[in-house]
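A closer look at the structure
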Amino acid sequence: MSRIGFIGLGMMGRPMAHLLHAAGHTLVVQDANQEVAAGFAAEHPQTLVANAAQEFAGCDAVITMLPNSDIVDAVVQGLQPHLRRGACVIEMSSADPNRTRALAARLQEQGVALIDAPVSGGVKKAVAGTLAIMVGGDAQVFAQQKPVLECLGKAITYVGPVGAGHALKALNNYVSAAALLATAEAIHVGAAFGIEAATIVDVINASTGRNNTTENKAHQFMLNGAFDSGFSLALQAKDVGIAAALGSSVQLPMELAQKVHAMTADASQALGPKADHTELYKFVGRA
Ligand code: NAD
């Protein structure tokens, strides 16, 4: 079993780190919120809380599960001088693929590998260890790290060179956000026309408009007013922005992605940093 660093014990990171511990790995954990890291260590014997970057020096791999590329870059830059040659950073956040490439190149200069391995499936699948994981990076490094990823996910797919995982993750979340917005509009318009909201969702689920929002979010988090899926609107808006910027970086303007980004970013601004992404349903219906 390996010694694994885990940085970022939030909605996703905590259950993921729990599974690695359950699989027998020794963990060195860190979170900006000291209480969260101390609480995790108290419940997981043999776990070390890192108070400084040098405490990750003995790790075979360090997993990052952080909000965005600004934070990932700052954290990994702090780690860099302390990681040993042959160690691997497994970057599992949803981050900017072009920045991930630049980060991997800087690490490579001192013999440290980076693979990007973002995840899809939300808190529920993080808890169950059934996340979809899309991996970018050197194929041999991926093969070495695959047993670690197998503790966390079921559909683990190698998708290309470093950054490819983050690119595909942003594109997936753009498609998902577009479908959520379309679904929210359809429910509000159908209801205003006099059709029961629940009937709209059920009929779409039996028809060609069926999607992850109609199947797994509309009844579960939106129509019942729960709005507690565990994935924040701010993170969703970030992801769609990454997808739109990716389009620009390959000279393919994504008109719909620009629109979806504007809508998610406006909603996030209006509803605040704690809003769940399913609250987009309320935002779309505000008029
Ligand atoms: P979160 O906000 O719940 O957790 C982030 C954690 O990082 C927090 O505990 C925070 O204290 C910690 N953190 C922030 N800055 C730090 C720093 N400098 N050093 C150490 N720790 C720091 O977010 P989350 O929902 O767990 O998402 C994490 C990543 O996974 C994001 O990139 C997100 O887009 C992605 N993601 C989230 C979901 C979901 O359903 N929540 C699904 C797939 C992917």
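Residues numbered from 1 in each chain as written. Predicted model: local features only at pLDDT ≥ 70, side-chain atom pairs only at ≥ 80, totals over all residues. Heavy atoms only, no water.

**Here we look at the site of the ligand**
- Taken together, 24 residues lie near the ligand, and Met11, Met12, Asp31, Leu66 and Lys238 sit nearest.
- Here Met11 contributes a backbone N or O atom positioned 2.9 Å from an oxygen atom of the ligand.
- With respect to the ligand, the backbone of Ala32 contributes an N or O atom lying 3.0 Å from a nitrogen atom.
- A total of 840 Å² of accessible area belongs to the ligand in isolation, and the protein chains cover 82% of it.
- The set of elements that each furnish at least two residues to the shell around the ligand consists of α3 (69-79), α5 (122-128) and α11 (233-249).
- For the shell around the ligand, the class distribution of residues is 14 nonpolar, seven polar and three charged. (Near = heavy atom within 4 Å. Polar contact = N/O pair within 3.5 Å; in protein donor to acceptor, adjacent residues only side chain to side chain. Areas by Shrake-Rupley, 256 points an atom, 1.4 Å probe, with all protein chains shown as cover. Helix = DSSP H or I, 4+ residues; strand = E, 2+ residues; numbered from the N terminus. Nonpolar A, V, L, I, M, F, W, Y, C, P; charged D, E, K, R; others polar.)

**A few points about the nonpolar core**
- Grouped together as the largest cluster of nonpolar side chains are 33 residues, with contacts concentrated most on Phe6, Met16, Leu20, Ile90, Met92, Ile133 and Leu149.
- With sequence-adjacent residues up to four places away left out, Met16 is seen in contact with Phe6, Met65, Met92, Val119, Ala126, Leu131 and Leu152.
- Counting 28 residues, the second largest nonpolar core, distinct from the first, contains Met254, Ala257, Val260 and Ala267. (Core = buried A, V, L, I, M, F, W, Y, C linked by side-chain atoms within 4.5 Å. Buried < 20%, exposed > 50% of the residue type's maximum accessible area, 1.4 Å probe, protein only. Contact = heavy atoms within 4.5 Å.)

**Concerning the packing of aromatic side chains**
- On inspection of all chains with the given rule, the structure shows one aromatic pair.
- Ring centres of Phe142 and Tyr158 lie 5.6 Å apart, and the angle between their planes is 25 degrees; this geometry places the pair in the stacked category. On the criterion of sequence distance, the pair formed by Phe142 in helix α6 (residues 139-149) and Tyr158 in strand β9 (residues 153-160) is long-range, its members being 16 residues apart.
- By relative accessible area, which is 9% here, Phe142 ends up buried.
- Above the ring of Phe227, the side-chain terminus of Lys282 is found at 4.7 Å from the ring centroid.
- It is Arg286 that lies over the ring of Phe283; its NZ or CZ is 3.9 Å from the centre. (Phe/Tyr/Trp six-rings, centres within 6.5 Å; stacked < 30°, edge-to-face > 60°. Lys NZ or Arg CZ within 6 Å of the ring centre and 35° of its normal.)

**A closer look at the UniProt feature "domain: 3-hydroxyisobutyrate dehydrogenase-like NAD-binding" (unreviewed entry) in the chain**
- Residues annotated by UniProt as "domain: 3-hydroxyisobutyrate dehydrogenase-like NAD-binding" (unreviewed entry) correspond here to residues 163-283.
- Secondary structure within residues 163-283 divides into 71% helix and 0% strand; the distance between the first and last C-alpha atoms comes to 33 Å. (UniProt positions renumbered as here; feature names shortened; annotations may be inferred.)

**What about the UniProt feature "domain: 6-phosphogluconate dehydrogenase NADP-binding" (unreviewed entry) in the chain?**
- Mapped onto this numbering, the UniProt entry annotates "domain: 6-phosphogluconate dehydrogenase NADP-binding" (unreviewed entry) at residues 3-160.
- As a span, residues 3-160 carries 39% helix and 25% strand, and end to end its C-alpha atoms are 27 Å apart.

**Re unusual backbone geometry**
- Positive phi, normally seen in glycine, also occurs at Gln46, with a value near 75 degrees.
- As for its placement among the helices and strands, Gln46 is situated in the loop between α2 (34-43) and β3 (48-49).
- Of the residues examined, Gln46 reaches a relative accessible area of 70% and is grouped as exposed.

**Section: the pairing of strand β5 (residues 88-91)**
- Judged by which residues are buried, β5 turns out to be covered on both faces: Cys88 and Ile90 on one side and Val89 and Glu91 on the other are all buried.
- Pairing of strand β4 (residues 61-64) with β5 involves four bridges; the strand directions are parallel. Considered in β5, the bridge of Ile63 is made with Ile90.
- Running through α3, the crossover from β4 to the neighbouring parallel element β5 is right-handed. (Pairing = 2+ DSSP bridges. Right-handed = clockwise from strand over helix to strand, strands pointing away.)

**Looking at the pattern of salt bridges**
- The full count for this structure, using the stated rule, is eight salt bridges.
- As a salt-bridge pair, Glu43 and Arg14 come within 3.1 Å of each other at their nearest N and O atoms. Within this pair, whereas Glu43 is found in helix α2, its partner Arg14 is found in helix α1 (residues 13-22), the two being separated by 29 residues in sequence.
- Judged by relative accessible area, Arg14 falls into the partly exposed class, the value being 27%.
- Three or more residues joined by partner-sharing salt bridges are found here, namely Asp70, Asp73 and Arg99. (Salt bridge = Lys/Arg side-chain N within 4 Å of Asp/Glu carboxyl O.)

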